[in-house]
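Spelled out, the chains give:
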2 protein chains.
Amino acid sequence: MAQKIDIKKKVLSENERLAAEIRQQLKERQIATLNFVSSPGSGKTSLLEKTLHALKDELRIGLIAGDVQTENDANRLVNAGGKMVRPLVTGGSCHLDARMISRVLPEMDLEQLDLLFIENVGNLVCPSGYDLGEDMKVVLISTTEGDDKPLKYPSMFRRSSVMVINKIDLLSTSDFSVERVKQNALSINANLRIFETSCRSGTGLDLWYDWLQSLVKTEKVHRD
Amino acid sequence: MAQKIDIKKKVLSENERLAAEIRQQLKERQIATLNFVSSPGSGKTSLLEKTLHALKDELRIGLIAGDVQTENDANRLVNAGGKMVRPLVTGGSCHLDARMISRVLPEMDLEQLDLLFIENVGNLVCPSGYDLGEDMKVVLISTTEGDDKPLKYPSMFRRSSVMVINKIDLLSTSDFSVERVKQNALSINANLRIFETSCRSGTGLDLWYDWLQSLVKTEKVHRD
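Cut-offs and rules
Residues numbered from 1 in each chain as written. Chains lettered and ligands numbered in written order. Predicted model: local features only at pLDDT ≥ 70, side-chain atom pairs only at ≥ 80, totals over all residues. Heavy atoms only, no water. Buried < 20%, exposed > 50% of the residue type's maximum accessible area, 1.4 Å probe, protein only. Helix = DSSP H or I, 4+ residues; strand = E, 2+ residues; numbered from the N terminus. Pairing = 2+ DSSP bridges. Core = buried A, V, L, I, M, F, W, Y, C linked by side-chain atoms within 4.5 Å. Contact = heavy atoms within 4.5 Å. Buried area = accessible area lost by both parts, 1.4 Å probe. Salt bridge = Lys/Arg side-chain N within 4 Å of Asp/Glu carboxyl O. Polar contact = N/O pair within 3.5 Å; in protein donor to acceptor, adjacent residues only side chain to side chain. Nonpolar A, V, L, I, M, F, W, Y, C, P; charged D, E, K, R; others polar. 1 Å grid on protein atoms, 1.4 Å probe; cavity = no way out; pocket = protein on both sides within 12 Å on 5 of 7 lines; lining within 4 Å. Points joined across faces, edges and corners; volume = space filled by probe spheres on them. Phe/Tyr/Trp six-rings, centres within 6.5 Å; stacked < 30°, edge-to-face > 60°. Axes fitted to C-alpha atoms, helices over the stretch in contact; angles between N-to-C directions.

(A) Looking closely at the pairing of strand β2 (residues 61–67) of chain B. Residue and element names in this part refer to chain B. Counted residue by residue, β2 has seven buried out of seven residues, so it is predominantly covered. Here β2 shows no split at all, with Ile61, Leu63, Ala65 and Asp67 on one side and Gly62, Ile64 and Gly66 on the other all buried. With five bridges connecting them, β2 and strand β4 (residues 115–119) associate as parallel partners. Residue pairing in the sheet places Leu63 in a bridge with Phe117 of β4.

Spelled out as structure tokens, the structure:
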């Protein structure tokens with residue numbers, strides 16, 4: 001068992017080394033990078049579709065769409081107007097890692113990007129342990145999932161900088177409480193920035209888009 | 001990397017050995033055992049609550065409630081009338097394994113059980129690789145998640161014997177198609193037994209309860 005732990009440590013430290021390289025590469029080009037994590041079905045792809053479509057004339061957005069199998073998500077994102085979308089099929093792995101990202105990045109023209117989205121595998125546990133070189137993790141939780149999820153999967157909420165409460169249009173269909181989920185999430189991570197959105201009704205999306213634009217502006221100002 | 005693969009193989013074969021022991025132990029006592037798997041928030045705990053409550057006078061049901069953190073689910077299940085509920089907090093691990101089950105089983109009076117439910121960690125990837133000594137895996141998918149999930153997470157649907165399509169009362173709130181999810185799931189695993197349920201409206205639960213009862217009868221007949 002000690003041997004297993006040593007190997008795991010080695011894999012994680014190799015991942016951190018690669019992630020640091022990726023981060024530097026993206027920083028040099030002033031690309032703000034977000035790693036989207038959530039359960040399967042929380043609406044990561046829908047939020048990204050809406051965002052690509054809404055901001056396509058204002059920001060140059062690249063997207064790496066991770067999936068265990070199929071390129072369904074990548075295809076949806078191209079259809080939504082994504083100009084630089086790359087599928088990343090893990091072939092069984094439950095999370096993306098920095099090695100996978102470093103293989104895909106050379107296929108993207110980074111000089112042409114303001115913003116890079118990475119859509120992780122739908123999994124509220126494993127992706128939390130793998131730094132991909134992102135600026136921050138964005139965790140989605142949908143109102144159909146239960147408001148105790150931050151307490152049950154604390155690592156992901158602790159390591160995320162932003163929480164998007166999605167499917168806010170479905171609030172009336174369950175006893176999910178927005179106040180309770182916020183309280184639970186903030187008890188794990190008091191610094192979480194929180195958005196409430198519905199990709200179906202459009203609620204809250206303008207605030208989300210505004211924040212992304214300000215993020216890109218800040219990135220440019222910091223580097224100039 | 002070869003070393004990493006060897007270690008993983010060793011861990012899995014040790015898991016299989018333990019799972020075989022558990023299976024034999026449960027078979028000797030004619031206990032039908034189901035391992036419930038799904039994304040976080042698909043409704044595993046709700047379905048188990050309903051089931052414990054509905055069948056409490058007819059079947060003697062034991063339950064091991066797995067979670068990454070918190071004993072919330074176990075507490076809900078005790079409140080629903082579960083008489084032999086054991087929490088199993090993994091403390092970070094993304095799945096249950098046979099070793100964890102073999103630690104909890106001695107705390108349960110197996111002579112008093114007809115049926116054992118194991119609620120796995122909410123994760124549609126990792127639990128698929130770990131046999132817990134169950135008779136079968138039951139995979140839940142909720143109608144708020146997207147009907148392409150069987151294609152995107154094929155391993156779990158391939159290794160499950162039963163698929164429960166849950167939150168069927170929320171069908172009208174999305175473009176989820178029951179026909180499409182069935183077609184996708186059956187293309188991965190043609191032998192899946194399928195139920196359609198809503199824990200909120202009660203739709204489909206009677207068929208589910210009937211099947212559980214027949215499962216217990218079959219288990220007894222096979223052993224007598």
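Still to come is the rest of the account.
(B) Looking closely at the nonpolar core. Formed by 80 residues in total, the largest nonpolar core has its most connected members in A:Ile64, A:Ile101, A:Leu116, B:Ile64, B:Ile101 and B:Leu116. With sequence-adjacent residues up to four places away left out, A:Ile101 is seen in contact with A:Ile22, A:Ile64, A:Leu88, A:Leu96, A:Ile118 and A:Leu132.

(C) Spatial organisation of the interface of chain A and chain B. Taken together, the contacts link 35 residues of chain A with 34 residues of chain B. A buried area of about 2,900 Å², summed over both sides, lies between chain A and chain B, and 59% of it is on carbon and sulfur atoms. On the surface where chain A and chain B come into contact, there are four salt bridges. A salt bridge links B:Lys152 to A:Asp73; the shortest N-O distance between them is 2.8 Å. The tally of links between chain A and chain B comes to 12 residue pairs in polar contact (both at pLDDT 80 or more). Secondary-structure elements contributing two or more residues to the side of chain A that touches chain B are α1 (2–28), α3 (72–79) and α5 (149–152) of chain A. Looking at the side of chain A that touches chain B, its residues break down into 13 nonpolar, 13 polar and nine charged.

(D) Broad picture of empty space enclosed by the protein. Applying the stated criterion to the full structure yields one cavity of 30 Å³ or more. Empty space within the largest cavity amounts to approximately 50 Å³. Along its surface, the largest cavity is lined by 14 residues, and A:Ser142, A:Thr144, A:Glu145, B:Thr144 and B:Glu145 are the ones closest to its centre. Considered class by class, the residues forming the lining of the largest cavity number two nonpolar, eight polar and four charged.

(E) Representation of the pattern of salt bridges within the structure. Inspection of the entire model under this criterion finds 34 salt bridges over all chains. In this structure, the salt-bridge partner of A:Asp67 is B:Lys152, at a minimum N-O distance of 3.8 Å. Taken together, the positions of A:Asp67 in strand β2 (residues 61–67) and B:Lys152 in helix α5 (residues 149–152) put the pair across two chains. Neither A:Asp67 nor B:Lys152 differs from the other in exposure class; each is buried. With a closest N to O distance of 3.2 Å, B:Arg29 and B:Glu111 form a salt bridge. Separated by 82 residues along the polypeptide, B:Arg29 in the loop between α1 (2–28) and β1 (32–37) and B:Glu111 in the loop between α4 (98–104) and β4 bring together distant segments of the chain.

(F) Broad picture of the side chain of B:Ser160. Residue and element names in this part refer to chain B. Counting through the fold element by element, Ser160 comes out in the loop between α6 (154–158) and β6 (162–166). By relative accessible area, which is 3% here, Ser160 ends up buried. Separated by 2.7 Å, the side chain of Ser160 and the backbone oxygen of Met156 make a polar contact. Excluding its chain neighbours within four sequence positions, the residues that come into contact with Ser160 are Val37, Lys137, Val139, Asn189 and Leu192.

(G) Structural view of the packing of aromatic side chains. Under the defined criterion, the tally for this structure stands at 10 aromatic pairs over all chains. Measuring from centroid to centroid gives 5.5 Å for B:Phe195 and B:Trp211, while their planes differ by 50°, and the two rings are tilted. Of this pair, B:Phe195 sits in strand β7 (residues 193–196) while B:Trp211 sits in helix α8 (residues 205–223), placing them 16 residues apart in sequence. A single burial state applies to B:Phe195 and to B:Trp211, both of which are buried. Site record: aromatic cluster; members linked through ring pairs are A:Phe36, A:Phe117, A:Phe195, A:Trp208 and A:Trp211.

(H) Just the sheet that holds strand β7 (residues 193–196) of chain A, in detail. Residues and elements named next belong to chain A. What the seven strands build is an open sheet, ordered β3-β2-β4-β1-β5-β6-β7; its pairing is parallel. Looking at the sheet topology across the chains shown, the edges are occupied by β3 (84–89) and β7. Neighbour to neighbour, the strand axes of the sheet diverge by 20° on average, direction disregarded. Relative to β3, β2 is paired through six bridges, and the arrangement is parallel. In the sheet register, Ile64 faces β3, and the bridge partner there is Arg86. Each of β1 (32–37), β2, β4 (115–119), β5 (136–142) and β6 (162–166) is contacted by helix α2 (residues 44–55), which is oriented at about 160° to β4, the strand it contacts most. Seen against the sheet, helix α7 (residues 178–188) touches β5, β6 and β7 and runs at an angle of roughly 160° to β6.

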